Amino acid sequence: MAGARVVEEILQRDAQRFAITMFGAEPYGNYNRILLSNVLSGSQQMEEIFLNPLLWYSERNIALHAGVKATSIDRVRRLVIGKPMRPTSLPYGLDGCDQSATPIAESYDQVIIATGSRPFLPPMEGMDTPGVFQFRTVDDCGQIASYAKQCKKAIVIGGGLLGLEAARGLLTHRVEVTVLEAMPQLMTAQLDPESATLLKTTMERMGVQVLLEQIATHILGDERVTGLRFKDGSTLETDMVVVSAGIRPITEIAKDSGLTVEKGIVCDDQMRTSDPDIFAVGECVQHRGVLYGLVDPIWEQAATLADIITEKNPQAAYVGSKLATKLKVMGVQLASMGATKPAQPDDEVVLYREPSRGVYKKLIIRDDKLVGGILLGETDTAGVLTQMFTLETVLPERRADLLFGSSNGAPILSVFDLPDHAQICNCNGVSKGGIKEAILIGKCHSVSKVGAHTKAGMGCGSCKSLIMQLLEVYAGEVVEDPSEHYYVPGVPLTKPELIAAIKAQGLKSVSAVFRELAGGKEDPGSKVGLASLLKSLWPHEYEDERDARFINDRVHANIQRDGTFSVIPRIYGGVTSAAELKKIAEVAEKYQAKMVKLTGGQRIDLLGFKKADLPAVWKELGIPSGHAYTKAFRTCKSCVGTDFCRYGLGDSIALSQKIERRFQGIESPHKMKLATAGCPRNCSEAYVKDLGAVAIEGGQWEIYLGGAAGGSVRKGDLLCTVTSHDEVLRYMGRFMQYYRENGKYLERSYGFVERLGIEKLRDVLVHDTEGIGTRLDAEIEAAVAAYKDPWEEATKPVHENQFTNPLAVSVREEEVRA
Ligand SMILES: Cc1cc2nc3c(=O)[nH]c(=O)nc-3n(C[C@H](O)[C@H](O)[C@H](O)COP(=O)(O)OP(=O)(O)OC[C@H]3O[C@@H](n4cnc5c(N)ncnc54)[C@H](O)[C@@H]3O)c2cc1C
Ligand code: SF4
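A. A look at the site of ligand 1. In the vicinity of ligand 1 lie 28 residues, with Ala2, Glu26, Arg136, Glu283 and Lys328 positioned nearest. At a separation of 2.6 Å, an oxygen atom of ligand 1 approaches a polar side-chain atom of arginine 136. The separation between an oxygen atom of ligand 1 and a polar main-chain atom of valine 295 is 2.8 Å. When ligand 1 sits alone it has 1000 Å² of accessible area, and the protein chains cover 92% of it. In terms of residue count, the dominant contributor to the shell around ligand 1 is strand S3 (residues 68–74) (3 residues). Its residues assigned to classes, the shell around ligand 1 shows 15 nonpolar, 6 polar and 7 charged.

B. Inspection of the side chain of glutamate 26 at higher detail. Along the chain, the position of glutamate 26 falls in the loop between strand S1 (21–24) and helix H2 (36–41). At 3.0 Å, the side chain of glutamate 26 forms a polar contact with the side chain of arginine 33. Excluding residues that lie within four positions of it along the chain, glutamate 26 makes contacts with Tyr31, Arg33, Ala66, Gly67, Pro91, Thr137 and Val138.

C. Quick peek at the packing of aromatic side chains. Counted by the stated rule, this structure contains 14 aromatic pairs. Note on tryptophan 56 and tyrosine 57: the rings are 5.0 Å apart at their centroids and 85° apart in plane angle, and the pair reads as edge-to-face. For tryptophan 56, a relative accessible area of 12% gives the class buried. Judged by its relative accessible area of 3%, tyrosine 57 is buried. On the numbers, 6.4 Å between centres and 75° between planes, the contact of tyrosine 292 with tyrosine 318 is edge-to-face. Here the residue tyrosine 292 occupies a position in the loop between strand S20 (290–291) and helix H8 (295–309), and tyrosine 318 occupies one in the loop between H8 and strand S21 (324–326), the gap between them amounting to 26 residues. Each member of the pair, tyrosine 292 together with tyrosine 318, is buried. Each member of the aromatic cluster is reached from another via a ring pair, and the members are Phe735, Tyr738, Tyr739 and Phe752. Over the aromatic face of tryptophan 299 sits the side chain of arginine 5, whose NZ or CZ is 4.3 Å from the ring centroid. Positioned over the ring face of tyrosine 731 is arginine 730, at 5.1 Å from the centre of the ring.

D. The sheet that holds strand S19 (residues 285–287), seen in detail. Reading across the sheet, the 3 strands line up as S17-S19-S20 and stay open at both edges, with mixed pairing between neighbours. The open sheet has two edge strands, strand S17 (265–267) and S20, and neither has a second partner. Judged from the 2 bridges that link them, S19 and S20 form a sheet pairing that is antiparallel. Across the sheet, glutamine 286 pairs through a bridge with leucine 291, a residue of S20.

E. Examining the packing of helix H1 (residues 2–13) against H8 more closely. Here H1 crosses H8 at 45°, and the two axes come no closer than 8 Å. Between H1 and H8, the angle falls in the class oblique. With respect to the hand of their crossing, H1 and H8 are arranged in right-handed fashion. Residues Ala2, Arg5, Val6, Glu9, Ile10 and Arg13 of H1 form the contact with H8, whose participating residues are Ile298, Trp299, Ala302, Ala303, Leu305, Ala306, Asp307 and Ile309. In terms of residue class, the contact of H1 with H8 is made up of 10 nonpolar, no polar and 4 charged.

F. Molecular detail of the environment of glycine 169. Mapping glycine 169 onto the fold places it in helix H5 (residues 161–171). Taking C-alpha positions, glycine 169 is 5.0 Å from leucine 40, a pair spaced 129 residues apart along the chain. Setting aside residues no more than four positions away along its own chain, glycine 169 makes contact with Leu40 and Ser41.

G. Broad picture of unusual backbone geometry. Unusually for a residue other than glycine, aspartate 367 sits at a positive phi of about 50°. Counting through the fold element by element, aspartate 367 comes out in the loop between strand S24 (359–366) and strand S25 (369–376). Even without being a glycine, aspartate 768 presents a positive backbone phi close to 50°. Turning to its location among the elements, aspartate 768 is positioned in the loop between helix H24 (758–765) and helix H25 (773–785).

Cut-offs used in this document
- Residues numbered from 1 in each chain as written.
- Chains lettered and ligands numbered in written order.
- Predicted model: local features only at pLDDT ≥ 70, side-chain atom pairs only at ≥ 80, totals over all residues.
- Heavy atoms only, no water.
- Near = heavy atom within 4 Å.
- Polar contact = N/O pair within 3.5 Å; in protein donor to acceptor, adjacent residues only side chain to side chain.
- Areas by Shrake-Rupley, 256 points an atom, 1.4 Å probe, with all protein chains shown as cover.
- Helix = DSSP H or I, 4+ residues; strand = E, 2+ residues; numbered from the N terminus.
- Nonpolar A, V, L, I, M, F, W, Y, C, P; charged D, E, K, R; others polar.
- Contact = heavy atoms within 4.5 Å.
- Phe/Tyr/Trp six-rings, centres within 6.5 Å; stacked < 30°, edge-to-face > 60°.
- Buried < 20%, exposed > 50% of the residue type's maximum accessible area, 1.4 Å probe, protein only.
- Lys NZ or Arg CZ within 6 Å of the ring centre and 35° of its normal.
- Pairing = 2+ DSSP bridges.
- Axes fitted to C-alpha atoms, helices over the stretch in contact; angles between N-to-C directions.
- Parallel < 35°, antiparallel > 145°, perpendicular 65-115°, else oblique.
- Left-handed = near helix turned anticlockwise from the far one by under 90°.

Interpretation in functional terms is not warranted from these geometric data alone.
Written as structure tokens, this is what we have:
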């Protein structure tokens, strides 16, 4: 985070002066590491925490070597030398470079080291056993989440801030979690014993077990983790271990280059190392003997360093930071700053405790200024108190106001009185001055506009009340941002308004919508959502514009990380034949598929084809496809049903084939996966699909909506029970059309069903309380009739370069992830 921040600060001060080259051991642009806990707990998507995508670097002419580790600085020849990482190695590992790769050397005038920290691994045997994880990067997060799926029990080693966040994240993956802490209390650095005991109770109520004063010495298991052994010889079973026992600065490159390194890379107040042309920022730095493990100091260091490097303020100095932090655990409110107990005889302690509600508030005051605070259970005043603590503001006489807000409702701290450099958003390091500028110059009159302009409030969100106060002061009012309700950001209309306008004006293409409804201004980020909506509204007449599609939709195959494509032949209901399999095998061999893989949805994935080969692959397969990538109905999985199963109550295979043939290619707000099961034993997992049909006694079928078994797990809600395949098709079609009309773009069916509620859906779709049943049936019928196999483009490409110019495909990070 520090490296990219310094670059941002430098560009703000002088965008033209420097030719900037960056090395990053991780293969991404920078992301907000502090939000990883939210990604692990599922409250944020990975895409949401990226601060600058790879495009940001190239647009600013920054040469970014992503996935390349800087290994040495040749101070005589003034070169930084790096080597690409092996794909499977940890970016913070001691080595991890691909030794056979050619080194990359870049010349320099000045170097900034921002290598951060690596997790500290306590001395324990068996640390390399599969099932042991560290928690530092976006990839760690992904690996923990996917491994947790096969686990019942997890142990987190370390009861600090990160350990508790990891534990809460693991709970969402339905694992029994135990936190192990060597000290007698949780969060030793931030809490006193009493608040730590309350926090332990709160965590235990949430389902996290906490074991204090326990030191593990061995990780047990050979093939994979099976348990832990403690110092006293006792053991505890577990399926996985996450180590979060502290951090250590990454200093090898500085040490190997002959710079002064003690606990961290030693820097002066201008962030200069022992070499005047080499600077360092972030967690790798030791400044005035102190190492920092939070982002606040990083923002301050980055601003100082940018002033120095650009010579905008040669006197700038970083003098150290005061630390305040919050625990980002859903369901626990906790903020802590500075000292946890009085240190001088005259220190004043203001204390309020309400154990039954888990509330504990403590302030330590010295000379009328706040030197420490713990707020547990209620953190309403945390934002204001953090400001008072950092800025050393003189406190109001009535100390109770600091804990509960002022009795007359007036703000305890007027944001008006804060200096411009006061940091309002700690997650993204945004100052009051930055927000003021966004309001006064950028004309941002709502919290979300300020966020879009400055990133303030886009992290943990706890600074939003201060942003509102600033809006009241500088804009005169806080306006609710209507754009939060727009269907796509580039067209100022809600979904119902947009549909009405599109229909009324007969707009059939994305460019026509921009022309008529957005003043002619095209917004690239809105195109895909609009294309999907238009296709559902005008199944026959929609005017397809290729630039409104993702690469996957342009070539009807799935782009993979290495720029090749995967093809999934359509196998209706999961039932294939020897002849079909033979054909698939021949094509895989002839076009050198890098891998042939059975998918979780009963289909065969052929991975690693070149773009130019796609038309030939399709032609020779002769099986339709084009369904495995797009935001549309995809496949319907089935169990063996009455044909072969001893328990079968209904013909699930025939039903699933009918469903798949009928709804193939139907566009929807997000992908839809379906399944049918021949009885409630649910072998095909129909209860956890977007739409599922399960046969029950008496020749009946139950229809389930909004199930999920991916990042979220949810059993679908029962819509209705019917007696024939035809009725299943009717109600499934009705639901699809209703979802197409009312779902937000990229809203999965489970979010949609929860948002509207199953009762409302049952009323509309089954009891037809709004009288739209027949229309919905007709609309979906029209969409079904308009289906065209996209693979026909193999013989009739839409434009001459559609498949023939493989170099034209640039694998943008966003598209790979889409
Ligand atoms: C899960 C989690 C939650 C957190 N929550 C909070 C919070 O709520 N509040 C808070 O204030 N802080 C929090 N932190 C801490 C915060 O993220 C760090 O303080 C911050 O990221 C440090 O920034 P940095 O740039 O120094 O290091 P990093 O963000 O780690 O960046 C260093 C980068 O350098 C790369 N690198 C290392 N060596 C080399 C090399 N030789 N060549 C090229 N690249 C190299 C690394 O791979 C890494 O990508 C959290 C951290 C984690 C892991
Ligand atoms: S769901 Fe029922 S019918 Fe289908 S395979 Fe399983 S047990 Fe058999």
